[in-house]
Amino acid sequence: MREILGRRRRPGRRGGSARLDAALTCATEWQWPVLPGAGLRGSGDLGRRCACPDPECAVPGAHPFDPGLLAATTDARMVRWWWTNRPTAPVLLATGGRAPCALSLPAVAGARALAALDRAGLRLGPVVATPTRWALLVAPYTLERLGELLYAQDRVPSSLRFHGEGGYVVLPPSEIGTGQVRWERAPERTPGSRPKGADAAPGVAPWLPDVEAVLDALVEASTSAPDGGSRLTH
């Protein structure tokens with residue numbers, strides 16, 4: 001895929017600028033690979049549809065389309081080019097590898113799980129919330145390690161989903177088919193992690209919990225979740 005990093009249009013100062021800023025923070029400060037999502041087209045509550053060709057898209061706006069997931073990058077020039085040309089595109093995090101992984105569950109179950117984890121005194125990392133689902137970002141895990149942890153569970157509800165290598169999560173302040181994406185728990189920044197004037201230097205990425213620390217609470221909260229997992233809603 002050839003994309004010319006040449007003259008740029010200035011993005012809109014509202015949502016477009018905020019999404020570019022968010023994408024640059026993830027890519028350049030935290031070294032999280034990002035790419036633009038498919039996004040939405042049309043206007044009004046009934047006219048907002050996914051910009052991809054599928055009229056029955058189950059996750060409108062909230063998935064890779066063009067470019068594909070393998071294009072995710074931490075390169076600042078590419079990130080600027082993408083969001084300068086598509087300022088309202090959702091910000092997608094490509095999970096796995098050296099990037100965060102995530103566990104997502106229905107919003108009601110997510111609130112219940114966070115309350116249980118708070119009562120247990122466990123430190124949480126960033127939590128992404130959409131109107132229908134919440135996603136807890138965790139430290140990178142391998143499929144082998146995840147398999148071992150799931151094998152020890154009596155039951156894993158289909159409403160609990162795992163975003164590891166080859167997956168993705170939509171990040172704030174994106175807008176998708178189900179509504180606005182926000183931080184339920186914002187990333188914790190480490191004071192003094194970036195020297196003054198070191199705009200181009202990577203900073204310290206937000207702290208992330210181990211998947212094992214949160215899995216039990218998420219499985220329990222998801223067991224009685226109203227989402228049966230038959231359709232992918234973000």
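Because the structure is a prediction, the values reported are computed rather than measured.

Draft legend 1. Broad picture of the overall build of the chain. Looking only at helices and strands, one finds 5 helices and 12 strands in the chain. For the chain, with 234 residues in total, the buried portion stands at 47%. In the chain, of all internal contacts separated by at least 6 residues, the share reaching a separation of at least 24 is 78%. As displayed, the chain has an accessible area near 12,300 Å², and 52% of this comes from carbon and sulfur atoms.

Draft legend 2. The arrangement of the pattern of salt bridges in detail. The final tally for this structure, using the stated rule, is 5 salt bridges. A salt bridge links arginine 145 to glutamate 212, with the nearest nitrogen and oxygen atoms 3.1 Å apart. Placement of the pair is arginine 145 in helix α4 (residues 143-151) and glutamate 212 in helix α5 (residues 211-223), with a sequence separation of 67 residues. Looking at glutamate 212, the relative accessible area reads 46%, which means it is partly exposed. Glutamate 184 is paired through a salt bridge with arginine 182; the nearest N and O atoms lie 2.6 Å apart. In this structure glutamate 184 comes out as partly exposed when scored by relative accessible area, which is 28%.

Draft legend 3. Representation of the confidence of the model for the chain within the structure. In the predicted model, the chain carries a mean pLDDT of 86, and 81% of its residues have values of at least 70. Counting interchain partners and residues more than four positions distant, the pLDDT-below-50 stretch residues 192-200 has 8 contacts.

Draft legend 4. How the structure looks around the sheet that holds strand β9 (residues 168-171). Pairing is antiparallel across the open sheet formed by 3 strands, whose spatial order is β1-β4-β9. Two strands bound the open sheet, and with one partner strand each, they are β1 (34-36) and β9. Adjacent strand axes in the sheet meet at a mean angle of 35 degrees when their direction is disregarded. Looking at chain direction, strand β4 (residues 91-94) and β9 are connected through 4 bridges and run antiparallel. If you follow leucine 92 over to β9, its bridge partner there is valine 170. Docked against the sheet, helix α2 (residues 76-85) engages β1 and β4, running at close to 20 degrees with respect to β1.

Draft legend 5. Spotlight on α2. Those residues of α2 that fall on the buried side of the exposure criterion are Met78, Val79, Trp81, Trp82, Trp83 and Thr84. With a side-chain oxygen positioned 3.3 Å from the backbone nitrogen of arginine 77, the residue opening α2 is aspartate 75.

Draft legend 6. Structural view of the nonpolar core. Counting residues in each nonpolar core, the largest one holds 36 residues, and the members touching the most others are Val34, Val79, Trp83 and Leu171. Elements that contribute at least two residues to this core include exactly α1 (15-29), β1, α2, β4, β7 (133-138) and β9. The residues touching leucine 171, leaving out its near neighbours within four places in the chain, are Cys26, Val91, Leu93, Val128, Val181 and Trp183.

Draft legend 7. Expanded view of the sheet that holds strand β6 (residues 127-129). The strand order across the open sheet formed by 5 strands is β8-β5-β7-β6-β12, and the pairing between neighbours is antiparallel. Edge strands, defined here as strands with exactly one partner in the open sheet, are β8 (161-163) and β12 (182-185). This sheet shows a mean twist of 30 degrees between the axes of neighbouring strands, independent of strand direction. Here strand β5 (residues 101-106) runs beside β7; their pairing, made up of 6 bridges, is antiparallel. Paired with leucine 103 across the strands is leucine 136, a residue of β7. Contacting β5, β6, β7 and β12, helix α3 (residues 107-119) crosses the sheet at an angle of about 115 degrees to β5. Relative to β5, α5 is tilted by about 15 degrees, and along the sheet it contacts β5, β7 and β8.

Draft legend 8. Focus on the packing of α4 against α5. Where α4 meets α5, the closest approach of the two axes is 11 Å, and the angle between their N-to-C directions is 40 degrees. Handedness of the crossing formed by α4 with α5: right-handed. On the side of α4, the interface is formed by Arg145, Leu149 and Leu150, while α5 contributes Val211, Glu212 and Leu215. Class assignment for the residues of the contact of α4 with α5 results in 4 nonpolar, no polar and 2 charged.

Cut-offs and rules
- Residues numbered from 1 in each chain as written.
- Predicted model: local features only at pLDDT ≥ 70, side-chain atom pairs only at ≥ 80, totals over all residues.
- Heavy atoms only, no water.
- Helix = DSSP H or I, 4+ residues; strand = E, 2+ residues; numbered from the N terminus.
- Buried < 20%, exposed > 50% of the residue type's maximum accessible area, 1.4 Å probe, protein only.
- Contact = heavy atoms within 4.5 Å.
- Areas by Shrake-Rupley, 256 points an atom, 1.4 Å probe, with all protein chains shown as cover.
- Salt bridge = Lys/Arg side-chain N within 4 Å of Asp/Glu carboxyl O.
- pLDDT = per-residue confidence, 0-100.
- Pairing = 2+ DSSP bridges.
- Axes fitted to C-alpha atoms, helices over the stretch in contact; angles between N-to-C directions.
- Polar contact = N/O pair within 3.5 Å; in protein donor to acceptor, adjacent residues only side chain to side chain.
- Core = buried A, V, L, I, M, F, W, Y, C linked by side-chain atoms within 4.5 Å.
- Left-handed = near helix turned anticlockwise from the far one by under 90°.
- Nonpolar A, V, L, I, M, F, W, Y, C, P; charged D, E, K, R; others polar.

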